[in-house]
Structures are given as C-alpha cells and as structure tokens.
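What the coordinates show
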Amino acid sequence: IFAVLVVIPVLTYFFGKRWYCSWVCGCGGLAETAGDSFRHLSDNSIKAWKIERYLIYSILTFILIVQAVVLSGYFANTTEIVGISIYHYFSRPYAFFIASVFAGVIGVGFYPIYGSRLWCRFGCPLAAYMGIIQRFKSRFRITTNGGQCISCGNCSTYCEMGIDVRSYAQKGENIVRASCVGCGVCASVCPRGVLKLENKSGDDRFATNSFIQ
C-alpha cells in the first residue's frame with residue numbers, strides 16, 4: 001500500500017515510467033533483449049492507440065477491484081467476501097488469464113507479430129497507473145525541437161510503444177503520452193538531434209547546443 005500510494009508516485013514524478021518499465025520490470029527486460037529486433041513492428045495507428053487505451057484501463061480497473069477484495073479479506077482475516085472465495089473468483093482468474101496468458105504467452109510469444117511491448121502497451125495495470133501519473137504530474141518528458149525535424153520517421157519506426165513520435169516532432173510538441181516508457185531510443189536514432197530525454201522542471205527544457213540553435 002505504501003509503495004502504491006507513495007513510492008511509485010514519487011519515483012514516477014522524477015523519472016517517469018522508465019524507472020520501472022526500463023530499469024526494473026522483467027517484461028521490460030525481455031522486450032529490450034529478446035524482443036528488440038521486433039520493436040519496429042509495433043502498431044502506431046490511431047486504431048491501435050484506441051484499443052490500447054480501452055484495454056489497459058479496463059484491466060487496471062479490474063485489478064483495482066481484485067486488490068480491494070484481497071485487502072478486505074486480509075484485514076478481515078477471511079478468505080471469503082459475501083460467501084465468495086477470494087482465491088477462486090478473484091486472485092486465481094487474474095493470475096491465470098492476465099498475468100500468465102496475456103503477460104506471458106501472448107505478451108512474449110507474439111513479439112514477431114505485434115512488436116516487443118504488447119503486454120506493456122495493452123495489459124500491464126502498473127504501467128497504466130504510472131502512465132496516469134506521468135501524463136498529468138511528472139517532470140519526465142521527451143522534448144522536441146520541431147524546426148529541425150526532416151520527417152525521416154526513424155523515431156516512429158523504432159518506438160517500441162507504437163507512439164507516432166514523428167507527428168509530435170513535426171509540430172514541435174513535447175511527447176506527453178501515458179504509454180511512453182522513456183527508453184530514449186527515439187532520441188538515439190534521430191539524425192538531427194530533434195528529440196531529447198529530460199526530467200527537468202520548468203519551460204526551458206531544450207538546451208541550445210552547437211547543432212541546435
């Protein structure tokens with residue numbers, strides 16, 4: 001409870017989702033190793049984005065209900081709620097259908113079809129929770145200098161979360177997306193130095209250098 005209400009929000013405020021999704025999570029580790037060669041297959045269409053939003057937040061809602069029931073049973077020292085087994089009807093279905101089938105079998109097995117971050121984009125409830133914090137209350141940003149963008153598309157091609165980074169870069173807009181894990185690949189593959197990974201506060205995010213005036 002302390003981690004969910006205090007630790008996660010604080011770390012997400014300073015570092016965005018990357019502190020967990022890129023540095024800690026085992027699924028993220030698999031995505032950036034075994035799934036790295038498939039990152040370009042991530043769908044960055046509007047349709048995929050809509051499915052992503054509806055599905056991941058539905059799973060987040062479901063897991064919040066599950067956790068509320070489990071904690072109620074824990075504090076009440078009981079394994080049943082209104083005569084319903086917590087294990088058989090709440091914990092066990094989530095563990096099998098979401099944590100095992102979706103995160104494991106589909107999330108990893110479908111790398112060659114849907115890209116390397118299928119679970120992270122469409123199913124992970126922790127990613128959804130941190131994404132909400134990152135979207136509305138975080139210093140973390142991928143900042144852009146749209147005047148330098150040549151629309152090569154490298155950033156969108158290599159984004160493992162299926163974000164159309166190029167559209168943000170062309171408009172000179174910072175990428176404030178709940179799904180961004182802050183891997184920094186888009187900034188690395190940009191030939192013009194348009195994108196920059198930052199977690200600074202204030203409006204002066206993009207520092208001038210010898211290449212970008």
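Up top you'll find the structure we're talking about.
Residues numbered from 1 in each chain as written. Predicted model: local features only at pLDDT ≥ 70, side-chain atom pairs only at ≥ 80, totals over all residues. Heavy atoms only, no water.

1. As for the side chain of Arg-117
Tracing the chain through its elements places Arg-117 in the loop between helix 6 (111–114) and helix 7 (118–122). The class of Arg-117 is buried, set by a relative accessible area of 1%. Of note is the side chain of Arg-117, whose polar atom sits 3.4 Å from the backbone oxygen of Cys-21. Among the polar contacts made by the side chain of Arg-117, one reaches the side chain of Glu-160 at a distance of 3.3 Å. (Helix = DSSP H or I, 4+ residues; strand = E, 2+ residues; numbered from the N terminus. Buried < 20%, exposed > 50% of the residue type's maximum accessible area, 1.4 Å probe, protein only. Polar contact = N/O pair within 3.5 Å; in protein donor to acceptor, adjacent residues only side chain to side chain.)

2. A few points about the nonpolar core
Judged by nonpolar contacts, the single largest core of 21 residues is most densely connected at Ile-142, Met-161, Ile-163, Val-165, Ile-175, Cys-186 and Leu-195. Contributions of two or more residues to this core are made by helix 2 (18–21) and helix 10 (165–171). The dominant element in this core, judged by the number of residues it contributes, is helix 10, at three residues. Apart from residues lying up to four places away in sequence, Cys-186 is in contact with Ile-142, Cys-155, Val-165 and Leu-195. Among the nonpolar cores identified, the runner-up in size contains 18 residues, and Ile-59, Leu-60, Ile-86 and Ala-128 belong to it. (Core = buried A, V, L, I, M, F, W, Y, C linked by side-chain atoms within 4.5 Å. Contact = heavy atoms within 4.5 Å.)

3. With respect to the state of the cysteines
Inspection of the entire model under this criterion finds zero disulfides. The thiol of Cys-21 is not disulfide-bonded; the next cysteine sulfur, from Cys-120, is found 6.2 Å away. Residue classification places Cys-21 among the buried residues on the basis of a relative accessible area of 5%. In this model Cys-159 remains outside any disulfide bridge; the closest cysteine sulfur is found in Cys-183, 6.4 Å from its own. Assessed through its relative accessible area of 11%, Cys-159 is described here as buried. (Disulfide = S-S within 2.5 Å.)

4. Observations regarding the packing of helix 4 (residues 46–75) against helix 8 (residues 125–136)
Running from N to C, helix 4 and helix 8 cross one another at 105 degrees; their axes reach a closest spacing of 8 Å. Classed by the angle they form, the pair helix 4 and helix 8 counts as roughly perpendicular. Two secondary-structure elements touch here, helix 4 through Ile-56, Tyr-57, Ile-59, Leu-60 and Ile-63 and helix 8 through Pro-125, Ala-128, Tyr-129 and Ile-132. By residue class, the composition of the contact of helix 4 with helix 8 is nine nonpolar, no polar and no charged. (Axes fitted to C-alpha atoms, helices over the stretch in contact; angles between N-to-C directions. Parallel < 35°, antiparallel > 145°, perpendicular 65-115°, else oblique. Nonpolar A, V, L, I, M, F, W, Y, C, P; charged D, E, K, R; others polar.)

5. Things to note about the packing of helix 1 (residues 2–15) against helix 8
For the pair helix 1 and helix 8, the least separation of the axes is 9 Å and the interaxial angle reads 60 degrees. Taken as axis vectors, helix 1 and helix 8 run oblique relative to one another. Where helix 1 crosses over helix 8, the two elements pack in a sense that is right-handed. In this structure, helix 1 uses Val-4, Leu-5, Ile-8, Pro-9 and Thr-12 to contact helix 8, whose residues at the interface are Leu-126, Tyr-129, Met-130, Ile-133 and Gln-134. (Left-handed = near helix turned anticlockwise from the far one by under 90°.)

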